[in-house]
Amino acid sequence: MLVSPSLLSADFGCLAPDLEMINASEADYLHLDVMDGVFVPNISFGFPVMKAVAKRCTKPLDVHLMIVQPEKWISQVRDLGAEIMNVHQEACPQLHSVIQRIHAAGMKAGVTINPGTPVNTLVDIIEDVDLVLVMSVNPGFGGQKFIPHAVRKVNELRQLITSTASSAIIEVDGGVNLETGRLLAEAGADMLVAGSFVFGADNPSDTICKLKQL
Ligand code: DX5
Ligand code: ZN
């Protein structure tokens, strides 16, 4: 299992030790949650903070933009050195064009779907993306309860990927712990985001190892 710990649950007053823990851990990525107070009812952090984080982080960055008009920020995300740029399907009326522009900037393109967005809305984009991020909570806050129907959605998405020429991987975000992570792994998830479960643990780096083993 690929694991992408979310910085949202780290100690914002003292990020360096948490970043050093991530760097030394088995984490595959660092997940950065950008919120604008419009697309989601919360504001997290922006580019000045992410630039400072990118400087100290040796893991590839997995940027999750919970913002309107994410296409405005493609070059700034690229300049961070991000490997993956995730945009919400619900925020992109011109989704195909946004995906093309992310690729043209040299990044992997991910499309994210909210809990209320069906998997079948991805039929015409699935062959063009590198990743689908399935939200298993309504985006905006860490520490929320896992929405169980995400497991069925991962199953459906796995079938859609298998039945097309898509090489997209499946990432899941929200309420992930060892129990929900196991169900997601069985349903076909490739990558798990975990915020509060990692940073709230007594031993965060051991918790990352346990998620990796799912
Ligand atoms: C929620 C964010 C998540 C969040 C997950 O809007 O997209 O990445 O950090 O937090 P947990 O793992 O605590 O549900
Ligand atoms: Zn996220």
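Just so it is clear, the model here is predicted, and its values are computed rather than measured.

### Some thoughts on the site of ligand 1
1) Next: Around ligand 1 there are 20 residues in total, and Gly 140, Gly 143, Asp 173, Gly 195 and Ser 196 lie nearest to it.
2) Next: A distance of 3.2 Å separates an oxygen atom of ligand 1 from a polar atom in the side chain of His 64.
3) Next: Contact between ligand 1 and Asp 173: an oxygen atom at 2.7 Å from a side-chain N or O atom of the residue.
4) Next: Taken by itself ligand 1 offers 380 Å² of open surface, and the protein chains cover 100% of this.
5) Next: At the level of elements, strand 2 (30-35), strand 3 (61-66) and strand 8 (191-194) are the ones that each hand at least two residues to the shell around ligand 1.
6) Next: No other element matches the 3 residues that strand 2 contributes to the shell around ligand 1.
7) Next: Classifying every residue of the shell around ligand 1 gives 8 nonpolar, 10 polar and 2 charged.

### Regarding the coordination of the zinc ion (ligand 2)
Ideal values differ by geometry: the angle at a metal is 109.5 degrees with four tetrahedral donors, but 90 or 180 degrees with six octahedral donors.
1) Next: Of the protein atoms, only His 31 (NE2), Asp 33 (OD), His 64 (ND1) and Asp 173 (OD) coordinate the zinc ion (ligand 2), at distances of 2.0 to 2.3 Å.
2) Next: Here the zinc ion (ligand 2) binds 6 donor atoms, and the angle range of 70 to 168 degrees at the metal identifies the geometry as octahedral.
3) Next: Between consecutive donor residues of the zinc ion (ligand 2), the sequence gaps follow H-x1-D-x30-H-x108-D.
4) Next: Owing to a relative accessible area of 0%, His 31 belongs among the buried residues under this scheme.
5) Next: Exposure remark for Asp 33: the relative accessible area of 4% places this residue in the buried category.

### Here's the deal with the environment of Ile 161
1) Next: On the secondary structure map, Ile 161 appears in helix 5 (residues 149-162).
2) Next: Separated by 38 residues in the primary sequence, Ile 161 and Val 123 have C-alpha atoms spaced 9.2 Å apart.
3) Next: Beyond its immediate chain neighbours, meaning those up to four positions away, Ile 161 contacts Ile 126, Ser 166, Ala 168 and Ile 170.

### With respect to the packing of helix 5 against helix 6 (residues 178-187)
1) Next: At a closest axis distance of 8 Å, the pairing of helix 5 and helix 6 adopts a crossing angle of 20 degrees. Considering the angle they form, helix 5 stands roughly parallel to helix 6. Seen from above, helix 5 lies across helix 6 with right-handed handedness. Two secondary-structure elements touch here, helix 5 through Ala 150, Val 151, Val 154, Asn 155 and Arg 158 and helix 6 through Leu 183, Leu 184 and Ala 187.
2) Next: Classifying every residue of the contact of helix 5 with helix 6 by side-chain character gives 6 nonpolar, 1 polar and 1 charged.

### Some points on the nonpolar core
1) Next: Of all hydrophobic cores here, the largest spans 64 residues; its most connected members are Leu 30, Leu 32, Leu 157 and Leu 184.
2) Next: Dropping the residues within four chain positions of it, Leu 32 is found in contact with Leu 7, Phe 45, Met 50, Val 53, Leu 61, Asp 62, Val 63 and His 64.
3) Next: One finds Tyr 29, Ile 84, Leu 133 and Val 137 within the second-largest nonpolar core, a separate group that totals 7 residues.

### Concerning the pattern of salt bridges
1) Next: Evaluation of the coordinates by the stated rule reveals 7 salt bridges.
2) Next: Among the salt bridges present, the one from Arg 158 reaches Asp 190, with a minimum N-O distance of 2.9 Å. Of the two residues, Arg 158 is situated in helix 5 and Asp 190 in the loop between helix 6 and strand 8; the sequence distance between them amounts to 32 residues.
3) Next: For Asp 190, a relative accessible area of 24% gives the class partly exposed.

### A short note on the sheet that holds strand 3
1) Next: One open sheet accounts for 8 strands, arranged 1-8-7-6-5-4-3-2; its pairing is parallel. Whereas interior strands pair on both sides, the edge strands pair on one side only; in this sheet they are strand 1 (2-5) and strand 2. Across the sheet, the mean angle from the axis of one strand to that of its neighbour is 25 degrees, orientation sign disregarded.
2) Next: The sheet contact formed by strand 2 and strand 3 spans 6 bridges and is parallel. Of the residues in strand 3, the one forming a bridge with His 31 is Asp 62.
3) Next: Contacts between helix 8 (residues 204-212) and the sheet are confined to strand 1 and strand 8, with strand 1 contributing the most and set at about 145 degrees to the helix.

Cut-off values and rules
- Residues numbered from 1 in each chain as written.
- Chains lettered and ligands numbered in written order.
- Predicted model: local features only at pLDDT ≥ 70, side-chain atom pairs only at ≥ 80, totals over all residues.
- Heavy atoms only, no water.
- Near = heavy atom within 4 Å.
- Polar contact = N/O pair within 3.5 Å; in protein donor to acceptor, adjacent residues only side chain to side chain.
- Areas by Shrake-Rupley, 256 points an atom, 1.4 Å probe, with all protein chains shown as cover.
- Helix = DSSP H or I, 4+ residues; strand = E, 2+ residues; numbered from the N terminus.
- Nonpolar A, V, L, I, M, F, W, Y, C, P; charged D, E, K, R; others polar.
- Donors = N, O, S within 2.8 Å, 3.2 Å for Na, K, Ca; no water.
- Tetrahedral: all angles 85-135°; square planar, octahedral: opposite > 155°, others 65-115°.
- Buried < 20%, exposed > 50% of the residue type's maximum accessible area, 1.4 Å probe, protein only.
- Contact = heavy atoms within 4.5 Å.
- Axes fitted to C-alpha atoms, helices over the stretch in contact; angles between N-to-C directions.
- Parallel < 35°, antiparallel > 145°, perpendicular 65-115°, else oblique.
- Left-handed = near helix turned anticlockwise from the far one by under 90°.
- Core = buried A, V, L, I, M, F, W, Y, C linked by side-chain atoms within 4.5 Å.
- Salt bridge = Lys/Arg side-chain N within 4 Å of Asp/Glu carboxyl O.
- Pairing = 2+ DSSP bridges.

Everything listed is a geometric property; what it means functionally is a separate question.
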